[in-house]
Amino acid sequence: MIEIEAEIAERHSLFQGIFLIRLNAPQIAEIAKPGQFIHLQCGRGMSHILRRPFSIAGKSADGSIEIIFEVVGRGTAYLAKAPIGEALSVIGPLGNGFDSTKFKLVDIIAGGMGFPPLLFLANELADRGVNFNFFIGARTAGRIEFLAKSHLGRKFNLTEPRVATDDGSLGKRGTVLDLYHQSLNQRNKPEAIFACGPKPMLRSLSKLAEEHIINCFVSMEENMACGIGACLSCTCNETYGDKRVCVEGPVFDSGDIRWD
């Protein structure tokens with residue numbers, strides 16, 4: 001874990017209210033792993049004292065890292081307008097990420113705004129020559145079309161047969177789990193599933209993975225205050241007791257989570 005001042009190198013509007021920011025953070029980029037996150041101070045002064053967690057969506061050889069976020073409050077609204085070159089206080093990389101080294105055939109499943117850490121994972125798998133399928137779901141086409149058109153999906157194909165939208169504007173009409181369940185019945189099952197998205201989606205996916213006897217690892221999304229395990233505000237209930245998402249997670253074996 002490192003605390004640095006990271007300059008905003010680029011900011012792009014990807015869709016309505018969804019932005020990508022690239023931060024110059026070589027010390028963090030050097031050691032960051034897919035599934036880990038940063039804790040970012042979004043502004044100056046006492047009104048911005050609480051940091052916000054952001055999954056790392058990617059890193060580059062030039063020492064930069066990328067985050068993707070949707071404007072949902074004061075902190076993200078600040079980031080959406082922060083000037084290029086501004087230095088922000090960043091702590092990271094934090095948490096435990098995805099361990100994909102044991103598997104040669106995996107499925108990646110993203111729902112809602114759960115795709116950023118999975119983009120990082122997918123590009124790493126592509127670099128290692130690991131076979132994987134990427135499934136993604138969203139409310140409407142615009143919320144994911146930019147992934148296939150930009151550098152974010154440059155090392156793998158985000159093809160329409162693996163896309164689901166609630167309104168049917170792209171890919172299959174319905175949820176990504178509807179799409180994935182259908183896919184599982186048409187091919188050989190993977191060795192592992194890696195997923196991130198809304199909790200109800202992860203709960204259902206965990207049950208599906210158990211039925212098909214597939215290893216399943218999920219990145220949990222919880223509100224955080226400190227980001228380093230001191231405040232206990234982001235605990236989730238696991239078989240072996242309460243676990244801090246910011247420290248023991250955010251990635252957990254889905255079979256260890258007590259979903260009820």
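The structure presented is a predicted model; accordingly, all values stated were derived computationally and were not measured.

Calculation notes
Residues numbered from 1 in each chain as written. Predicted model: local features only at pLDDT ≥ 70, side-chain atom pairs only at ≥ 80, totals over all residues. Heavy atoms only, no water. Helix = DSSP H or I, 4+ residues; strand = E, 2+ residues; numbered from the N terminus. Rg over C-alpha atoms; globule rule 2.2 N^0.38 Å. Contact = heavy atoms within 4.5 Å. Pairing = 2+ DSSP bridges. Axes fitted to C-alpha atoms, helices over the stretch in contact; angles between N-to-C directions. Phe/Tyr/Trp six-rings, centres within 6.5 Å; stacked < 30°, edge-to-face > 60°. Buried < 20%, exposed > 50% of the residue type's maximum accessible area, 1.4 Å probe, protein only. Expected span 1.5 Å × (residues − 1). pLDDT = per-residue confidence, 0-100.

A closer look at the overall build of the chain
- When you go through the chain residue by residue, the secondary structure sums to six helices and 16 strands.
- In terms of C-alpha radius of gyration, the chain reaches 18 Å, essentially the compact-globule figure of 18 Å for 260 residues.
- Seen through its principal axes, the chain has C-alpha atoms that stretch 55 × 45 × 35 Å.
- Long-range pairs, those at least 24 residues apart, make up 65% of the contacts in the chain between residues at least 6 apart in sequence.

Some words on the sheet that holds strand 3 (residues 37-40)
- Reading across the sheet, the seven strands line up as 4-3-7-1-2-6-5 and stay open at both edges, with antiparallel pairing between neighbours. A single partner strand is all that each edge strand has here, and the edge strands are strand 4 (52-55) and strand 5 (58-59).
- Of the pairings in the sheet, the one linking strand 1 (residues 2-15) to strand 2 (residues 18-24) comprises seven bridges and is antiparallel in character. Paired with Glu 10 across the strands is Arg 22, a residue of strand 2.
- Contacts from helix 2 (residues 74-81) reach strand 1, strand 2, strand 3, strand 4, strand 6 (64-70) and strand 7 (87-94), with the element oriented near 125° to strand 6.
- In this fold helix 4 (residues 142-149) packs onto strand 1, strand 2 and strand 6, with an angle of close to 105° to the strand it touches most, strand 1.

Some remarks on the packing of aromatic side chains
- All told, the structure shown has eight aromatic pairs when counted by the stated rule.
- Plain terms: the ring middles of Phe 98 and Phe 194 are 5.6 Å apart, the flat faces sit at 90° to each other, and that makes the pair edge-to-face. Of the two residues, Phe 98 sits in the loop between strand 7 and strand 8 (105-111) while Phe 194 sits in strand 12 (residues 192-196), which places them 96 residues apart along the sequence.
- On the basis of relative accessibility, which here comes to 0%, the residue Phe 194 falls in the buried class.

Concerning helix 6 (residues 199-212)
- Helix length check: helix 6 (14 residues) gives 20 Å between terminal C-alpha atoms against 20 Å at 1.5 Å per residue, within 8%.
- Of the surrounding secondary structure, the elements contacted by the buried residues of helix 6 are strand 8, helix 5 (176-184), strand 12 and strand 13 (215-219).
- Looking one or two places after helix 6, you find Ile 213, whose phi comes out positive at around 55°.

So, the sheet that holds strand 16 (residues 251-253)
- Sheet architecture is open: seven strands sit in the order 11-10-9-8-12-13-16, paired in mixed fashion. Strand pairing shows two members of the sheet lacking a second neighbour, strand 11 (172-173) and strand 16, which therefore form its edges.
- Pairing of strand 9 (residues 131-138) with strand 10 (residues 163-165) involves three bridges; the strand directions are parallel. Pairing of Ala 138 across the sheet is with Thr 165, part of strand 10.
- Helix 3 (residues 116-128) rests against strand 8, strand 9 and strand 12 of the sheet, and its axis sits at about 160° to strand 8.
- Against the sheet, helix 6 contacts strand 8, strand 12 and strand 13, and its axis sits at roughly 170° relative to strand 12.

Topic: the environment of Gly 112
- Checked against the element boundaries, Gly 112 lands in the loop between strand 8 and helix 3.
- A relative accessible area of 33% places Gly 112 in the partly exposed class.
- Sequence-distant contacts of Gly 112, defined by excluding residues within four places in its chain, comprise Gly 137 and Pro 198.

Quick word on the confidence of the model for the chain
- Averaged over every residue, the pLDDT of the chain is 89; the share at 70 or more is 95%.
- When mean pLDDT is compared element by element in the chain, strand 12 scores highest at 97, while strand 14 (residues 235-238) scores lowest at 79.

Concerning the pairing of strand 1
- Examined bridge by bridge, strand 1 and strand 7 share six bridges and lie antiparallel to one another. Each residue of the ladder has a partner; that of Glu 5, found in strand 7, is Ser 89.

Digging into unusual backbone geometry
- With an omega of -10°, the peptide bond running from Gly 92 to Pro 93 counts as cis.
- Counting through the fold element by element, Pro 93 comes out in strand 7.
- Look at the link from Gly 249 to Pro 250: it is a cis peptide, with omega at 5°.
- Of note, Ile 213 is a non-glycine position whose phi angle comes to about 55°, a positive value.
- As for its placement among the helices and strands, Ile 213 is situated in the loop between helix 6 and strand 13.

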